[in-house]
Amino acid sequence: MKAAAGKVAQLLVVMFLVSLGTFSLTSLMPGDPAVAILGDNQSPEAYAELREKLGLNEPLVERYFTWLGHVFQGDLGTSMVPPNEDVTSLIRSAFAVSIELAVLALVVALVVSIPLAMISARRPDGLLDRAASATTFGIMSVPSFVSGLVLIALLVNQLHLFPRVGWVGVTDGLGQNLYHAALPVITIALLEIPTFTRVLRGDLVRTLQEDFVLSARAKGMPAWRIMIFDAFRPSSYSLITVLGLSLAQLIGSTVIVETLFSLPGMGRLVVSSASQGNITVVQGAVLVIAACYVLINAGVDLMYSVIDPRIRRVGA
Amino acid sequence: MSAPEAAALAPTARPARRRRRIDLLLWFCGAWLAVLILAAITAPMLGLQEAQDAAKTLLEPVYQPPSLGSTHPLGTNALGLDMLSRIIYGARVSLTVSISAVLIGTFVGGTLGVIAGYLRGKVDRVIGTLTNTLLAVPALILLVALATVLRPSALNMALALSLVAIPGLIRVTRANTLAFAQREFVTVARALGAGRARVVFRELMPNVLLSVVPMCLVYVSALIVAEASLSFLGIGLRPPQPTWGNMIGEGLNGKMEDYPHLVYVPAAVLFLTVFSFNLLGERMRKRWDKREVSL
Amino acid sequence: MRKIRRLPIGVTATVAALVMMGCSNTSAPTSSKADPLKVTNGSFGITEASGNPVSGGSLTFGYGGGIASFDPVSQQYSGTSGGDEARAVYGTLTEYDTKAGKYAPSMADSISANDDFTEWTVVLRDGVEFTDGTPYDADAVLFNFDRMAKSGAGFSGLWTSVVKKAVAKDAKTVVITLKQKWADFPYLLSQAPGMIASPKAVKDEGESYQREPVGAGPFMLDKWTPGQNLVLKANPDYWDGKPYLDSLTFQTITTGDQALKDALQAGGIQGSLIGTPTIVKDYIQPSSGYSGYVRMTNTGSMLLINNGTPSRPDTPGKDINVREAIASAINPDVINQRAFDGNAFPGTGIFSAESQWANDKPTFTYDAEAAKKHLADAKGFDGKIELIYPSAQAEAALTIEAQLEAVGFKVDAKPVQSITDLINAVLIKRDYDLAMYGWPVPDEPGELYTSYLERFGRKDNQLGYYNETIAKALSDFAAADDTAEKAAQMATIQAQWAETVPAVPYNTTAQMVVWNKNVHDIEVSSRLTLDFSKAWISK
């Protein structure tokens with residue numbers, strides 16, 4: 001109980017530090033909401049007047065604590081740039097995109113990497129293992145902007161399989177939604193496949209040396225059965241940890257993919273708002289991203305201790 | 001059918017001599033990095049064509065495709081600057097920035113990690129909170145923010161990138177310190193009356209730092225990619241100073257379609273380098289893990 | 001043999017993919033250097049549709065911008081920033097007929113002026129209503145004019161400097177009195193000031209009006225995710241008949257013109273707005289299979305010289321010798337070759353060769369020796385000069401830097417992080433020596449006058465340059481209705497420009513709207529805004 005309270009306290013401190021850091025950093029950025037609002041055809045006085053009206057001339061500390069006060073009342077404020085929407089609703093729609101991309105990418109990555117890891121672990125250092133290892137290494141070494149460009153060149157421009165850009169929400173039809181999400185999802189999944197494969201393969205190899213596997217083998221069980229029914233479950237703890245961390249990290253860190261495919265996710269929301277000096281939106285979005293990260297991490301910790309008997313034993 | 005397959009499942013059944021085989025891939029990667037680093041260091045002496053100053057290339061052909069026998073073996077870009085030369089000078093920037101970022105990260109992260117792991121208690125909690133704070137903001141977003149605030153110079157870029165490496169290094173060095181602190185040599189040192197600082201800096205630091213070398217190599221490759229990503233987004237180091245990322249960026253907006261070499265030359269070099277660092281780190285980790293086991 | 005198996009499979013696979021990416025795109029070889037691109041202002045690739053317009057279908061238009069706010073009093077819409085969307089919702093009182101080269105009434109029934117163009121009478125149509133059922137009448141128009149004048153944003157600065165007063169003569173007649181003679185005043189009413197919002201909705205909705213607009217235009221707002229996409233549906237009660245399209249979607253695509261081209265080809269969008277020379281060139285070929293409208297702009301790319309602003313009174317450009325040296329050092333053909341692959345439209349005159357205002361007055365010519373001589377004449381100048389440029393235009397900037405250094409300048413070239421920074425330095429703080437800036441201005445007289453008035457026609461502008469002759473020529477241009485008279489004024493400006501060197505144009509740019517062949521009857525008006533009220537898609 002006390003440990004839980006400590007965790008919550010630490011979570012709050014982290015959030016506070018993140019918001020303070022974001023606020024100071026964003027206010028140092030060159031973006032100017034007055035320019036974002038007025039464009040490039042007004043008199044210098046018009047900009048000065050608007051800056052005053054937006055409260056941009058007030059001291060930084062004051063602005064921060066005003067903002068913080070509103071947050072404690074559950075109000076993330078409105079965007080400083082027209083059409084001045086609620087920050088909460090902006091984040092809600094961007095978050096939906098990001099979470100869908102992240103979850104789909106993780107599913108795709110798992111679908112590819114679980115069989116790949118099993119094939120590799122069957123004969124460690126065998127031909128297939130080495131081929132898989134070299135391939136995952138290769139994939140791991142391709143930055144997402146390069147793999148994205150390659151995929152666009154092949155799948156969009158040559159084969160016309162997917163749309164080039166744009167996003168269709170789930171509410172506008174699942175088919176269209178998946179059709180638009182496919183290419184970005186593959187690009188993100190490529191980033192995750194190597195890690196997943198390597199982690200799972202390592203644990204599988206270790207598990208396969210354990211007594212219960214040896215005895216199963218001695219009973220004459222087919223190799224694939226042992227792999228799937230006996231070895232997989234006890235080998236998946238690290239994978240689950242990595243999965244959780246990836247999910248936490250993917251929300252907001254897919255800026256490149258979002259930029260490449262013009263997707264309205266959290267990453268682009270933060271970056272484009274920051275370039276306009278739209279500090280309320282940046283603050284809100286980074287706060288939500290950080291909260292997700294911290295909460296998912298805590299969740300992974302918790303789950304880990306529940307499902308892994310070793311940890312429980314150590315804890316007891 | 002099942003018997004041989006089942007037998008194959010046992011990794012212990014491997015003949016030991018196969019380990020002795022030469023690792024071609026590793027050698028290939030090592031050679032690539034060696035050549036690249038050597039070229040980067042000796043770049044001014046290689047008699048390369050102009051890489052940066054467009055004032056000197058007003059008469060050079062532009063967008064020349066690669067042709068190995070010619071004066072521009074990898075072609076030229078929009079300003080008539082030599083791609084080979086830009087790749088090598090770009091390597092100078094990309095490698096210096098990412099390697100120094102990792103060094104800074106290792107120094108700062110390593111020190112904090114060892115202190116946290118050795119002293120535990122309050123210090124550990126404070127450092128842990130700071131680590132979590134840095135981790136809670138996605139690395140690329142943090143970098144984008146820093147890159148727009150700081151003036152884009154190699155030093156600033158290295159500092160910003162080191163922030164990405166620091167939290168991970170704190171965590172690993174802390175964990176390793178916890179492990180090492182139980183070891184005999186530490187207990188002995190303490191029994192001999194060594195002060196805290198001595199134990200931390202003389203006994204723990206060298207051992208812990210050595211154990212994170214493979215991870216550092218992987219970080220180098222990750223930061224090369226991060227630096228390239230920033231340049232690609234147009235907020236990293238700017239032309240005329242070449243970096244691999246801004247070279248790839250030059251091919252966007254329709255130019256890649258007509259002059260693919262603008263993109264695939266730097267992309268291939270970036271890939272090979274990142275691949276090599278990753279592989280080196282991985283192989284080193286394997287070797288050391290084994291040593292650990294045999295100890 | 002065994003060792004061979006260790007070959008880097010991953011490496012080869014990925015390198016192969018990269019090479020494929022390269023090769024797959026070489027299928028369309030270019031002949032760009034052989035034939036410089038010729039662009040004629042106007043429509044291209046338009047073929048007569050067989051059969052009558054058919055109702056139904058939806059059209060998606062994708063471009064790099066998007067509408068920021070639907071409140072027209074706070075915005076300066078254009079085709080690149082929300083003009084199409086706002087026009088679909090509001091319509092405009094007048095429009096520019098690009099074929100006839102004249103302003104014509106649109107939402108208004110008629111617009112006429114007194115003899116010296118100082119008083120304009122706008123007559124509205126009978127029975128037009130906003131989509132909330134309130135009347136589109138003189139009171140509504142005046143309500144909007146009044147908000148416009150007071151908004152302090154959008155067109156309010158220009159509006160208040162030009163318009164003395166606006167009054168209602170009767171329920172459907174508005175009389176506008178100007179402070180000056182302006183034969184092209186309807187231009188203003190073809191833009192945001194001519195977009196009339198429902199006064200009731202504005203009053204009822206308050207701050208949220210900008211997100212939930214009510215107009216009387218051909219389309220109504222259906223769904224909007226700002227910065228992403230906007231879905232409009234046909235207004236069944238539009239005064240000129242319900243539009244053929246059921247719905248019209250605007251998609252914001254910020255990844256650049258290549259992405260737009262890819263999306264157009266892949267079918268995700270049916271129309272787009274393009275500015276990149278290489279891509280403009282692709283579409284304008286008759287074989288491209290697309291239709292659209294293209295126009296050349298004047299002074300598209302400028303090397304702005306600070307002639308001495310309050311924040312930089314001692315800037316090098318204060319000395320005419322320095323400005324002359326810069327003008328003689330620039331070779332626009334080399335910039336074109338290096339920055340635009342030979343596909344842009346180099347020129348050092350204010351007007352493009354295609355422009356209706358093009359004249360035979362002198363422009364700047366590249367002459368390195370003359371540049372060196374001018375530089376030597378600039379007493380007390382050490383050659384050090386700062387150049388700021390948007391980081392996206394590095395190639396052009398580096399070429400300019402190289403050309404200036406070749407004649408003896410010592411250039412400190414500084415990329416700015418964003419367009420916001422550039423606007424801040426040049427327009428707001430006026431703190432720069434040299435800046436690369438875009439001033440794309442079309443031939444259309446209304447937009448041309450207002451743009452140049454702001455930039456160099458008034459005292460206290462971003463160049464720190466003022467010339468009585470140019471200012472007078474510009475206001476005579478506005479007052480004249482006769483094209484030949486207007487052209488004479490522009491010739492005067494070009495001659496003065498060449499003599500006094502306020503800034504150096506080096507390239508003009510083309511702007512293009514492009515759409516699929518089966519899309520018909522999209523009309524183009526001022527500032528490249530599109531009218532979709534009669535657009536239809538053939539099956």
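Remember, predicted model here, so these are calculated numbers, not experimental data. (Residues numbered from 1 in each chain as written. Chains lettered and ligands numbered in written order. Predicted model: local features only at pLDDT ≥ 70, side-chain atom pairs only at ≥ 80, totals over all residues. Heavy atoms only, no water.)

Another point: the UniProt feature "transmembrane region" (unreviewed entry) in chain B. If you check UniProt for "transmembrane region" (unreviewed entry), the listed places come out as residues 24-46, 93-119, 126-148, 154-173, 208-237 and 262-281 of chain B in our numbering. Along residues 24-46 of chain B one finds 83% helix and 0% strand; the C-alpha atoms at either end are 28 Å apart. (UniProt positions renumbered as here; feature names shortened; annotations may be inferred. Helix = DSSP H or I, 4+ residues; strand = E, 2+ residues; numbered from the N terminus.)

Across all of its chains, the model carries 30 aromatic pairs over all chains by this definition. Seen from their ring centres, Phe23 of chain A and Trp67 of chain A are 6.5 Å apart, and the 40° between their planes marks the pair as tilted. Of this pair, Phe23 of chain A sits in helix α1 (residues 2-28) while Trp67 of chain A sits in helix α4 (residues 60-72); the two residues are 44 residues apart in sequence, bridging distant segments of the chain. For Phe23 of chain A, a relative accessible area of 4% translates into the label buried. Under the relative-accessibility criterion, Trp67 of chain A is labelled buried at 7%. Within the aromatic cluster, the residues linked to one another by ring pairs are Phe117, Trp120, Phe145, Trp159, Trp182, Phe185 and Tyr449 of chain C. Taking NZ or CZ as reference, Arg125 of chain C lies 3.6 Å from the ring centre of Trp239 of chain C, over its face. Between the NZ or CZ atom of Lys486 of chain C and the centre of the ring of Phe477 of chain C, over which it lies, the distance is 4.5 Å. (Phe/Tyr/Trp six-rings, centres within 6.5 Å; stacked < 30°, edge-to-face > 60°. Buried < 20%, exposed > 50% of the residue type's maximum accessible area, 1.4 Å probe, protein only. Lys NZ or Arg CZ within 6 Å of the ring centre and 35° of its normal.)

Now for the pairing of strand β11 (residues 247-252) of chain C. Residues and elements named next belong to chain C. Among the six residues of β11, six are classified as buried, and the element is accordingly described as predominantly covered. Residues Ser247, Thr249 and Gln251 of β11 are buried on one face, and the alternating residues Leu248, Phe250 and Thr252, pointing to the opposite face, are buried as well. As paired strands, strand β2 (residues 58-63) and β11 are joined by six bridges and run parallel to one another. Directly across from Phe61, in β11, lies its bridge partner Phe250. One ladder, built from five bridges, connects strand β10 (residues 229-234) with β11; its direction is antiparallel. What sits directly across from Leu232, in β11, is Leu248. (Pairing = 2+ DSSP bridges.)

Next up on the list: empty space enclosed by the protein. Tallied over the full model, the rule gives three cavities of 30 Å³ or more. Taken as a whole, the largest cavity encloses approximately 60 Å³ of empty space. As for the largest cavity, its lining consists of 14 residues, of which Gly66, Ile67, Trp224, Leu230 and Thr252 of chain C are closest to the centre. In terms of residue class, the lining of the largest cavity is built from six nonpolar, seven polar and one charged. Each pocket or cavity is described by its volume, and for the second largest cavity that value is around 50 Å³. Lining the second largest cavity, in full, are Leu146, Ala147, Leu150, Arg151, Pro152, Ser153, Asn156, Met157, Ala160 and Ile235 of chain B. Elements that contribute at least two residues to the lining of the second largest cavity include exactly α5 (139-149) and α6 (154-181) of chain B. (1 Å grid on protein atoms, 1.4 Å probe; cavity = no way out; pocket = protein on both sides within 12 Å on 5 of 7 lines; lining within 4 Å. Points joined across faces, edges and corners; volume = space filled by probe spheres on them. Nonpolar A, V, L, I, M, F, W, Y, C, P; charged D, E, K, R; others polar.)

For the peptide bond that leads from Pro82 of chain A to Pro83 of chain A, omega is 5°, which places it in the cis range. Of note, Pro83 of chain A is situated in the loop between α4 and α5 (87-122). A positive phi angle, near 55°, is found at Arg120 of chain B, a position not held by glycine. Among the secondary structure elements, Arg120 of chain B is positioned in the loop between α3 (83-119) and α4 (121-136). Taking relative accessible area as the criterion, Arg120 of chain B reaches 43% and is therefore assigned partly exposed. Not every positive phi belongs to a glycine, and Phe117 of chain C is a case in point at roughly 60°. Its location among the elements puts Phe117 of chain C in the loop between β5 (108-113) and β6 (119-124).

Below, the discussion takes up the interface of chain B and chain A. Between chain B and chain A, the residue contacts involve 46 residues of the former and 50 residues of the latter. Taken together, both faces of the contact between chain B and chain A bury some 4100 Å²; the carbon and sulfur share is 73%. Where chain B touches chain A, the interface holds one salt bridge. Among the salt bridges present, the one from Glu282 of chain B reaches Arg198 of chain A, with a minimum N-O distance of 3.0 Å. Between the two partners, chain B and chain A, sit five residue pairs in polar contact (both at pLDDT 80 or more). At the level of elements, α1 (2-9), α4, α5, α9 (213-233), α11 (255-258) and α12 (261-294) of chain B are the ones that each hand at least two residues to the side of chain B that touches chain A. Residues that form the side of chain B that touches chain A fall into these classes: 30 nonpolar, eight polar and eight charged. (Contact = heavy atoms within 4.5 Å. Buried area = accessible area lost by both parts, 1.4 Å probe. Salt bridge = Lys/Arg side-chain N within 4 Å of Asp/Glu carboxyl O. Polar contact = N/O pair within 3.5 Å; in protein donor to acceptor, adjacent residues only side chain to side chain.)

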